[in-house]
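Here are the chains, one letter per residue:
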Amino acid sequence: MTPKRLNPIAGAALRFVFYILCLGTMVLLVTWEAKRHTGDILFNENSILESLQATLLFLTAASAYLAGHLNDSDSPLASLLVGVASIAAIREFDFALDRYVFDGAWQAMALIVAAFTFIHAWHHRTALKEAVLSFIGRPSFGVMAAGGITVLVFSRLLGRQVLWQAVMHEGYMRSVKNAVEESCELLGYSLIFFGTLEFLYEAILARKNARHTAPNKAPQAPKKDKASPYLRKNSGLHF
């Protein structure tokens, strides 16, 4: 096998190991917290689990921003991802914002970010449509979509109180329900983050390919005797 075939495999393996280590570390941290605290204090607004969720959302927004900076064609979609991740992060801090800023602070901040995100998306709607059409055919889309479904659907349905009351009957413990629901939500945010890292990796590859192909295309000027005036005028255009 040639080195060109080995490099992508090695890169995929390294990313795979990194994702395993991330998930394993988060589970160990949640387990450590569960051993230290008991009762209703487990998995509350100040828990490690909630902090991990907020951290993943912050890293997701940062990765998406960097991907948009590296690849101009992905910039409109990256801005949308940054906005959505920021709104979700604000939602995770709702308790602190309502307590230490003012009641309803997180709703106000989320609406402001949503408004700016919508305005930016509408202003670049044509480029955003092209970026989305390109994105849905990439591996990163599948990972990110799986994370979104886990957060918005699976964790919500699995965390219903009626389900866990039926499972535990008289021994119902709210901390158990919270542990399952919040852990599923953490898994969903992890998948979204991993998908964003793959999105960033794709942007890095696109930037490298653009650098390698640009010098090769430069000497290939159209022949003067056969090129039309339009081609001569736009010979510098490239995609």
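Data block above holds the structure.
An account of the accompanying structure is given in this report. (Residues numbered from 1 in each chain as written. Predicted model: local features only at pLDDT ≥ 70, side-chain atom pairs only at ≥ 80, totals over all residues. Heavy atoms only, no water.)

### Details of the nonpolar core
So, point 1. Grouped together as the largest cluster of nonpolar side chains are 30 residues, with contacts concentrated most on L56, L77, L81, M144, L186, Y189 and F199.
So, point 2. Those elements that place two or more of their residues in this core are α1 (3-36), α2 (48-70), α3 (75-92), α6 (125-135), α7 (139-158) and α9 (174-217).
So, point 3. Counting residues per element, this core draws most heavily on α9, at 9 residues.
So, point 4. Judged by nonpolar contacts, the second largest core, of 5 residues, contains L97, A105, W106 and A110. (Core = buried A, V, L, I, M, F, W, Y, C linked by side-chain atoms within 4.5 Å. Buried < 20%, exposed > 50% of the residue type's maximum accessible area, 1.4 Å probe, protein only. Helix = DSSP H or I, 4+ residues; strand = E, 2+ residues; numbered from the N terminus.)

### Concerning the packing of aromatic side chains
So, point 1. For the structure on display, the rule yields 5 aromatic pairs.
So, point 2. When the ring of F135 is compared with that of F199, the centres are 5.5 Å apart and the planes differ by 80 degrees; the resulting orientation is edge-to-face. On the criterion of sequence distance, the pair formed by F135 in helix α6 and F199 in helix α9 is long-range, its members being 64 residues apart.
So, point 3. Aromatic rings pair up to connect F18, Y19, F193 and F194 into one cluster.
So, point 4. A cation over an aromatic ring shows up here: R15 above the ring of Y201, its NZ or CZ 4.0 Å from the ring centre. (Phe/Tyr/Trp six-rings, centres within 6.5 Å; stacked < 30°, edge-to-face > 60°. Lys NZ or Arg CZ within 6 Å of the ring centre and 35° of its normal.)

### Things to note about the pattern of salt bridges
So, point 1. With the rule as written, the count across this model stands at 5 salt bridges.
So, point 2. When the shortest N-O distance is used, the salt bridge between R15 and E198 registers 2.8 Å. Placement of the pair is R15 in helix α1 and E198 in helix α9, with a sequence separation of 183 residues.
So, point 3. Here D74 and R138 are joined by a salt bridge, their closest N and O atoms 2.8 Å apart. A residue pair is termed long-range when its members are at least 10 positions apart, and D74 in the loop between α2 and α3 and R138 in the loop between α6 and α7 qualify at 64 residues. The same class applies to D74 and to R138, which are both buried.
So, point 4. It is possible to trace a salt-bridge network through shared partners that takes in D74, R138 and E202. (Salt bridge = Lys/Arg side-chain N within 4 Å of Asp/Glu carboxyl O.)

### Details of the packing of α3 against α6
So, point 1. Taken N-terminus to C-terminus, the directions of α3 and α6 make an angle of 85 degrees; their axes are 7 Å apart at the nearest point. What the angle tells us is that α3 and α6 run roughly perpendicular. Residues P76, L77 and L80 of α3 pack against A127, L128, A131, V132 and F135 of α6.
So, point 2. When its residues are assigned to classes, the contact of α3 with α6 shows 8 nonpolar, no polar and no charged. (Axes fitted to C-alpha atoms, helices over the stretch in contact; angles between N-to-C directions. Parallel < 35°, antiparallel > 145°, perpendicular 65-115°, else oblique. Contact = heavy atoms within 4.5 Å. Nonpolar A, V, L, I, M, F, W, Y, C, P; charged D, E, K, R; others polar.)

### A short note on α6
So, point 1. For α6, the set of buried residues is L128, A131 and F135. The buried residues of α6 occupy an angular sector of 65 degrees when projected down its axis, which confines them to one face. Of the exposed residues in α6, those oriented more than 90 degrees away from the buried face are T126, K129, E130 and L133. (Arc of directions from axis to C-beta.)

### A closer look at the packing of α3 against helix α5 (residues 105-123)
So, point 1. Contact pair α3 / α5: the axes reach a minimum separation of 9 Å and the direction vectors enclose 175 degrees. Regarding the angle of α3 to α5, the classification is roughly antiparallel. Contacts between α3 and α5 involve S79, L80, G83, S86, I87, I90 and R91 from the former and W106, M109, A110, V113, A114, T117 and H120 from the latter.

### Focus: a nonpolar patch on the surface
So, point 1. A cluster of nonpolar residues, F16, V17, I20 and L21, forms a patch on the protein surface that exposes about 410 Å² of accessible area.
So, point 2. With respect to the element layout, I20 can be found in helix α1. (Patch = residues over 30% accessible without salt bridge, like charges linked within 9 Å, V, L, I, M, F, W, Y side chains within 5 Å. Areas by Shrake-Rupley, 256 points an atom, 1.4 Å probe, with all protein chains shown as cover.)

### A look at the side chain of R138
So, point 1. Residue R138 is classed as buried on the basis of its relative accessible area, which comes to 18%.
So, point 2. Only 2.8 Å separates the side chain of R138 from the side chain of D74, close enough to count as a polar contact.
So, point 3. Beyond its immediate chain neighbours, meaning those up to four positions away, R138 contacts D74, F199 and E202. (Polar contact = N/O pair within 3.5 Å; in protein donor to acceptor, adjacent residues only side chain to side chain.)

### Some words on the environment of F93
So, point 1. With respect to the helices, strands and loops of the structure, F93 is situated in the loop between α3 and α4 (94-100).
So, point 2. When its relative accessible area of 44% is taken as the criterion, F93 is described as partly exposed.

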